Amino acid sequence: MAKDLIVSFGEMLIDFVPTVSGVSLAEAPGFIKAPGGAPANVAIAVARIGGRAAFVGKLGDDEFGRMLAGILRDNGVDDSGVSFDTGARTALAFVTLRSDGEREFMFYRNPSADMLLTEGELNLDVIKSAAVFHYGSISLITEPCRSAHLKAMEVAREAGALLSYDPNLRLPLWPSAEEAREQILSIWDQADIIKVSDVELEFLTGQESVEDDVVLTLWRPAFKLLVVTLGEKGCKYYTKDFRGSLEGYAVDTVDTTGAGDAFVGAMLRKIVADQTVLQVEGKLREVLKFANACGAITTTEKGAIPALPTEPAAVELLKRH
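Residues numbered from 1 in each chain as written. Predicted model: local features only at pLDDT ≥ 70, side-chain atom pairs only at ≥ 80, totals over all residues. Heavy atoms only, no water.

Our next topic: the overall build of the protein chain. Scanning the protein chain from terminus to terminus reveals ten helices and 13 strands. Its C-alpha atoms give the protein chain a radius of gyration of 18 Å, within 12% of the compact-globule value 20 Å for 321 residues. Taken along its principal axes, the extent of the C-alpha atoms in the protein chain is 50 × 45 × 40 Å. Nonlocal contacts in the protein chain, meaning residues at least 24 apart in sequence, comprise 71% of its contacts between residues at least 6 apart. (Helix = DSSP H or I, 4+ residues; strand = E, 2+ residues; numbered from the N terminus. Rg over C-alpha atoms; globule rule 2.2 N^0.38 Å. Contact = heavy atoms within 4.5 Å.)

Oppositely charged side chains may form a pair once their charged atoms are brought near each other. Following the criterion strictly, the structure yields 15 salt bridges and no others. One salt bridge in this structure joins Arg 66 and Asp 61, with 2.9 Å as the shortest N-O distance. Three or more residues are tied together by salt bridges with common partners; here these are Lys 58, Asp 85 and Glu 121. (Salt bridge = Lys/Arg side-chain N within 4 Å of Asp/Glu carboxyl O.)

A few words now on the sheet that holds strand 3 (residues 31–36). Within the open sheet, the four strands sit side by side as 3-2-6-7. Their pairing is mixed. Every other strand in the sheet has two partners, leaving strand 3 and strand 7 (103–108) as the edge strands with one partner each. Taken pair by pair, the neighbouring strands of this sheet meet at an average axis angle of 25 degrees, ignoring direction. As defined by bridge partners, strand 2 (residues 13–18) adjoins strand 6 (residues 92–97) across three bridges and the pair is classed as parallel. In the sheet register, Ile 14 faces strand 6, and the bridge partner there is Leu 92. (Pairing = 2+ DSSP bridges. Axes fitted to C-alpha atoms, helices over the stretch in contact; angles between N-to-C directions.)

If you look at the biggest cluster of nonpolar residues, it comprises 57 residues, and the most contacted ones within it are Met 12, Leu 225, Met 267 and Leu 288. Considering every element that reaches this core, the biggest residue donor is helix 9 (residues 281–298), with nine residues. Setting aside anything within four residues of it in sequence, one finds Met 12 in contact with Gly 36, Gly 37, Ala 40, Phe 55, Leu 59, Leu 68, Ile 71, Leu 72, Thr 90 and Ile 305. Grouped together as the second largest cluster of nonpolar side chains are 45 residues, Ala 54, Ala 148, Ala 161 and Leu 201 included. (Core = buried A, V, L, I, M, F, W, Y, C linked by side-chain atoms within 4.5 Å. Buried < 20%, exposed > 50% of the residue type's maximum accessible area, 1.4 Å probe, protein only.)

This part takes up helix 4 (residues 145–158). Here helix 4 contains 14 residues, and its C-alpha end-to-end distance of 20 Å stays within 8% of the 20 Å for a straight helix at 1.5 Å per residue. On its buried face, helix 4 is in contact with strand 1 (5–9), helix 3 (124–128), strand 8 (132–135), strand 9 (162–165) and helix 5 (177–186). Immediately beyond the C-terminal end of helix 4, within one or two residues, lies Gly 160, with a positive phi of roughly 95 degrees. (Expected span 1.5 Å × (residues − 1).)

Looking now at unusual backbone geometry. Pro 111 follows Asn 110 through a cis peptide bond whose omega is -20 degrees. A cis geometry characterises the amide bond from Glu 143 onward to Pro 144, with omega recorded as 5 degrees. The topology assignment puts Pro 144 in the loop between strand 8 and helix 4. Although it is not a glycine, Asn 168 sits at a positive phi angle of roughly 50 degrees. Mapped onto the fold, Asn 168 is located in the loop between strand 9 and helix 5.

Let's shift gears to the state of the cysteines. Applying the stated criterion across every chain yields a total of zero disulfides. The cysteine Cys 294 is free of any disulfide, with Cys 235 supplying the nearest cysteine sulfur at 12 Å. (Disulfide = S-S within 2.5 Å.)

Moving on: the packing of aromatic side chains. Counted according to the given criterion, the structure contains twelve aromatic pairs. Considering the side-chain rings of Phe 105 and Phe 107, the 5.4 Å spacing of their centres and the 10 degrees angle between planes classify their relative orientation as stacked. Centre to centre, the rings of Trp 219 and Phe 223 are 5.5 Å apart; their planes meet at 80 degrees, and the pair counts as edge-to-face. Each member of the pair, Trp 219 together with Phe 223, is buried. One aromatic cluster in this structure is built from Phe 9, Phe 133, Tyr 135, Tyr 165, Trp 188, Trp 219 and Phe 223. Cation over ring: Arg 66 sits above Phe 84, and NZ or CZ is 3.6 Å from the ring centre. Sitting above the plane of the Phe 290 ring, Lys 270 keeps its charged end 4.6 Å from the centroid. (Phe/Tyr/Trp six-rings, centres within 6.5 Å; stacked < 30°, edge-to-face > 60°. Lys NZ or Arg CZ within 6 Å of the ring centre and 35° of its normal.)

Keep in mind that these numbers describe shape and distance, not what the molecule does.
Listed below in structure tokens is the structure:
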């Protein structure tokens, strides 16, 4: 079989999103449940645009956990790497949408099933078959999941996968900002591809700037690609041979949830289809334009997974610009 599988590792949970935007959690009259969790969103984003994706993680053996596994399958994602915990619940997050579409989070994870994934529960066959192994940093917060995460990275690397990292900072989940910074950077050097947002860049460097000299403090010689996403302003990209930036696409933003995940899924899907993208700037720019379009479309409706675009939708947006 062609090696084009993207395996996403980490958390899948349920976001409870207020029925109206621009209110605090306390003021919200009601909530809609929306499946989420960045690594799961990435897997579904890949499948939505025609790629092959698998998800590895742990859910609660409860109504919500079974529902989430079903959503992976319904979206064409291989869920053979999913295990279930009979003693812990599926994680929940209450997410407020401010009037500008940005988000604030309140999490219910004490502990949730995703945090309890052990090395012994990893489906190594799935991990070894990855062309790209993608992960975040939330799975580094607590044991035993942290050890499972490090083991999975090691197995994927030994099997020849590209390692893709989107730290996906969620400060409320960490014991402290210092711990978050230290742990996020603890695996920094091992990635081939890293995507950070402008907010994460500022957090990791301690500088309110997206200028090249600041970004390049995070560059490592072994990297194949470092991308900084700038929301509606597009993105900047860095490889060992070239660097540049691309404009974003203006759309009517309703909810930014999942936009970064759509971007990553689109980018990885195109990279596994043709790895010369990482060496040829013209090709990389086309891939990142496509990823920008996928990210933009995702902001035009509520919730991450329902809003993730198909390839024709992204191509259509690109044609209009």
